[in-house]
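Structure at a glance
If you want the building blocks of each chain, they are given just below.
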Amino acid sequence: MYVDNQVPLAATFPLPFRVLFLVALGVLGWATNLHGLQLLGIDGPGALELQATSGHLPLRSPSSGGHLSARAFYKPLYQIFIGYSAWCIIAWLAFRAATHSDTILVDIFRYVPAVCILGAVTVLVCPYDILHKRERDWFLFTTARCLFPANTPVYFSDVVFADVLTSFAKVLGDMWLSSCMLLPGGSLLQLPSQDGWYQWIIPSLMSLPYLIRLRQCFTEYNSPTNSSRRPLFNAIKYASSFPVIFLSAAQRIVISDLVETHGSAVMRQGWHGEHPLFRLWLMSAVINSLYSFWWDLTNDWGLDLLTSSSTMSREGSAFPSRQLSAASSTRSHEALSSLDQTSSSLNATGRRGASHPYGLRAVLLYPLPVYPMAIFLNFILRMTWSIKLSSHLYSQSDGSALIFWLEMAEVLRRWIWVFLRIEWEVIKRGRGEVRATGNGIPSDDIELFQSHSKGDAFD
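These numbers come from a predicted model, not from an experiment.

Below, the discussion takes up the overall build of the protein. Counting its regular elements, the protein contains 18 helices and zero strands. Among the 459 residues that make up the protein, the fraction classed as buried is 49%. Once local pairs closer than 6 in sequence are excluded, the contacts in the protein between residues at least 24 apart make up 74%. For the protein, the accessible area works out to roughly 21200 Å², and carbon and sulfur atoms hold 67% of it.

Note: most residues except glycine have negative phi, and most peptide bonds are trans. Of note in the backbone geometry, His100 takes a positive phi value of approximately 50 degrees without being a glycine. On the secondary structure map, His100 appears in the loop between helix H4 (65–99) and helix H5 (103–106). By relative accessible area, which is 62% here, His100 ends up exposed.

In this section: the pattern of salt bridges. Tallied over the entire structure, the rule returns 16 salt bridges. A salt bridge links Lys237 to Asp300; the shortest N-O distance between them is 3.7 Å. Residue Lys237 is found in helix H11 (residues 230–239), and its partner Asp300 is found in helix H14 (residues 276–300); the two are separated by 63 residues along the sequence. The exposure class assigned to Lys237 is buried, which follows from its relative accessible area of 4%. Judged by its relative accessible area of 0%, Asp300 falls in the buried class.

Turning to the packing of helix H9 (residues 169–182) against helix H10 (residues 201–221), a few remarks are in order. Here H9 crosses H10 at 145 degrees, and the two axes come no closer than 8 Å. The two elements H9 and H10 meet at a crossing, and its hand is right-handed. Taking contact as the criterion, the partners of Ala169, Lys170, Leu172, Gly173, Trp176 and Leu177 in H9 are, on H10, Ile201, Ile202, Leu205, Met206, Pro209 and Tyr210. Among the residues forming the contact of H9 with H10, the class breakdown is 10 nonpolar, one polar and one charged.

Within H11 the residues assigned to the buried category are Arg230, Pro231, Asn234, Ala235, Lys237 and Tyr238. An end-on view of H11 places all buried positions within 150 degrees of arc, on one side of the element.

An ideal rise of 1.5 Å per residue puts 20 Å on 14 residues; H9 measures up with 20 Å between its terminal C-alpha atoms. All of the buried residues along H9 are Ala169, Lys170, Val171, Gly173, Asp174, Leu177, Ser178, Cys180, Met181 and Leu182.

On to empty space enclosed by the protein, then. Within this structure, the stated rule accounts for four cavities of 30 Å³ or more. If you add up the space inside the largest cavity, you get close to 90 Å³. Considering only residue class, the lining of the largest cavity consists of three nonpolar, four polar and four charged.

Counting residues in hydrophobic clusters, the biggest one holds 38 residues, and the most contacted among them are Phe17, Leu20, Phe95, Val106, Leu188 and Tyr210. Of all the elements, helix H2 (residues 15–39) adds the most residues to this core, at six residues. Excluding anything up to four places from it in sequence, Phe95 contacts Ala11, Pro14, Phe17, Val106, Phe109, Val112, Pro113 and Leu188. Counting 37 residues, the second largest nonpolar core, distinct from the first, contains Leu303, Ala374, Ile375 and Leu420.

Before going further, it helps to examine the confidence of the model for the protein. Averaged over the protein, the pLDDT score is 79; the fraction of residues at 70 or greater is 70%. Confidence drops under pLDDT 50 across residues 52–67; counting only partners more than four residues distant or on other chains, this segment forms 31 contacts. Within the model, the stretch residues 313–318 combines pLDDT values under 50 with 11 contacts to residues more than four positions away or in other chains.

A few words now on the packing of aromatic side chains. In total, this model carries 18 aromatic pairs according to the counting rule given. Three or more aromatic residues link up through ring pairs in this structure, and these residues are Phe13, Phe21, Trp92 and Phe404. One residue, Arg414, lies across the ring of Trp417, its end atom 4.5 Å from the ring centre.

For the rest of this paragraph, the subject is the environment of Gly173. Following the sequence through the fold, Gly173 ends up in helix H9. For the pair formed by Gly173 and Val19, sequence separation is 154 residues and the distance between their alpha carbons is 9.9 Å. Excluding residues that lie within four positions of it along the chain, Gly173 makes contacts with Ile202 and Met206.

Considering the arrangement of structural elements, one finds Trp281 in helix H14. Taking the relative accessible area as the measure of exposure, Trp281 reaches 7% and is therefore buried. Separated by 37 residues in the primary sequence, Trp281 and Val244 have C-alpha atoms spaced 5.8 Å apart.

Here we come to the packing of H10 against H11. The geometry of a pair of packed helices is captured by two quantities: the angle between their axes and the separation between those axes. Where H10 meets H11, the axes come as close as 9 Å, and the angle between the chain directions of the two elements is 170 degrees. It follows from the interaxial angle that H10 and H11 lie roughly antiparallel. Residues Tyr210, Arg213, Leu214, Cys217, Phe218, Glu220 and Tyr221 of H10 form the contact with H11, whose participating residues are Pro231, Leu232, Asn234, Ala235, Tyr238 and Ala239. When the residues that make up the contact of H10 with H11 are grouped by side-chain class, the tally is 10 nonpolar, one polar and two charged.

There is a patch of nonpolar side chains on the surface, built from Val286, Leu290, Met373, Phe376, Phe379 and Ile380 and spanning about 540 Å² of accessible area. Looking at the nonpolar patch, the elements that each hand over two or more residues are H14 and helix H17 (370–388). Among the elements that take part in the nonpolar patch, H17 stands out by supplying four residues, more than any other. By relative accessible area, Val286 is classed as partly exposed at 42%.

Scoring rules and cut-offs
- Residues numbered from 1 in each chain as written.
- Predicted model: local features only at pLDDT ≥ 70, side-chain atom pairs only at ≥ 80, totals over all residues.
- Heavy atoms only, no water.
- Helix = DSSP H or I, 4+ residues; strand = E, 2+ residues; numbered from the N terminus.
- Buried < 20%, exposed > 50% of the residue type's maximum accessible area, 1.4 Å probe, protein only.
- Contact = heavy atoms within 4.5 Å.
- Areas by Shrake-Rupley, 256 points an atom, 1.4 Å probe, with all protein chains shown as cover.
- Salt bridge = Lys/Arg side-chain N within 4 Å of Asp/Glu carboxyl O.
- Axes fitted to C-alpha atoms, helices over the stretch in contact; angles between N-to-C directions.
- Left-handed = near helix turned anticlockwise from the far one by under 90°.
- Nonpolar A, V, L, I, M, F, W, Y, C, P; charged D, E, K, R; others polar.
- Arc of directions from axis to C-beta.
- Expected span 1.5 Å × (residues − 1).
- 1 Å grid on protein atoms, 1.4 Å probe; cavity = no way out; pocket = protein on both sides within 12 Å on 5 of 7 lines; lining within 4 Å.
- Points joined across faces, edges and corners; volume = space filled by probe spheres on them.
- Core = buried A, V, L, I, M, F, W, Y, C linked by side-chain atoms within 4.5 Å.
- pLDDT = per-residue confidence, 0-100.
- Phe/Tyr/Trp six-rings, centres within 6.5 Å; stacked < 30°, edge-to-face > 60°.
- Lys NZ or Arg CZ within 6 Å of the ring centre and 35° of its normal.
- Parallel < 35°, antiparallel > 145°, perpendicular 65-115°, else oblique.
- Patch = residues over 30% accessible without salt bridge, like charges linked within 9 Å, V, L, I, M, F, W, Y side chains within 5 Å.

Okay, here's the thing in structure tokens:
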């Protein structure tokens, strides 16, 4: 049942509309990621391998072609966001006008969010060449490629896409709840029954993005071009999410055991430290959060803050290499010229060299204040993300206002993460170009894990 202070949220902004809002926020975030990278002079579409051609990826976008190319990707996304948001806002305003937040009328007009969702899904899968079919197909094909992989390389865009999906793990569970609420017999004001095997549907859906990334890590590890064990350490990060998710679902056992000994008052408490299953869940959440934070800084962003001095001076030494010779590749004269210009530019601006700001790295493509702010926000929001993976903390409602705000905060964290993740990938690829020719940035300036090939883009 809902407590009094939760009824207004369920009546004025039901869970289906919250899911639609978070999806819109994700589309806007992706559009602004590509737009922001272009404004910062970084070839985002090239790094993500969204281009029709697989040419050289410079550290900085060309002054003309790269920008026009990026605009061709983010402009349709803005238009999709505007159209989708207008459709959802019209539906929500119609719902509010019909119900006036009256809990008696909320379920009578629950067909309004159902029609809104049905319309959005219909447009998404529309086979006709209208309403930005290229972008819709990219989303559908990428989703299918992640869910049903073939014997093809895993593109860096697939890696980023799957990582973004992990930030929407709770939203996937909310989609299931919304579907149950909108079906006959459901209600927008209370959770559908999740007894029996139904209680494992939400944890399974929330685990899906982590399973995708786990598979990608094993695919990269088994790639003929891979010579590092780093993908196995990356796989640990995603595997550590499963105990958090499923031990949270098992907290029903904790509640039932404690009710027998302490009475029904236990159900209103959030802390059950006397039960071993609760302590195991808490330990799993802490391990997952701290390990993920360390991986973000050290491997996804290439920062030195949590890297020992011995590993900073040896490339890839944190992860022992497998005995495998990497295939060599040729580079075009245009690629070499671009990298030489980038190296000279970095030398001129003083943004690279033997000394660099503590805890960061030698090459920084963004303004310096961005990095400490990103580290701070990432730490705080990494610590709270395990809460959103823990369904038992909001099992008495369809999602409190606090959980909704935390979901939006996670979208913000992932939005920041994408900027630094792509920056580090661009630096590594540019670094690989320079190394291949023996020119440019010295080999001991930044850490690199053989990242130039498609199979080595896994962080």
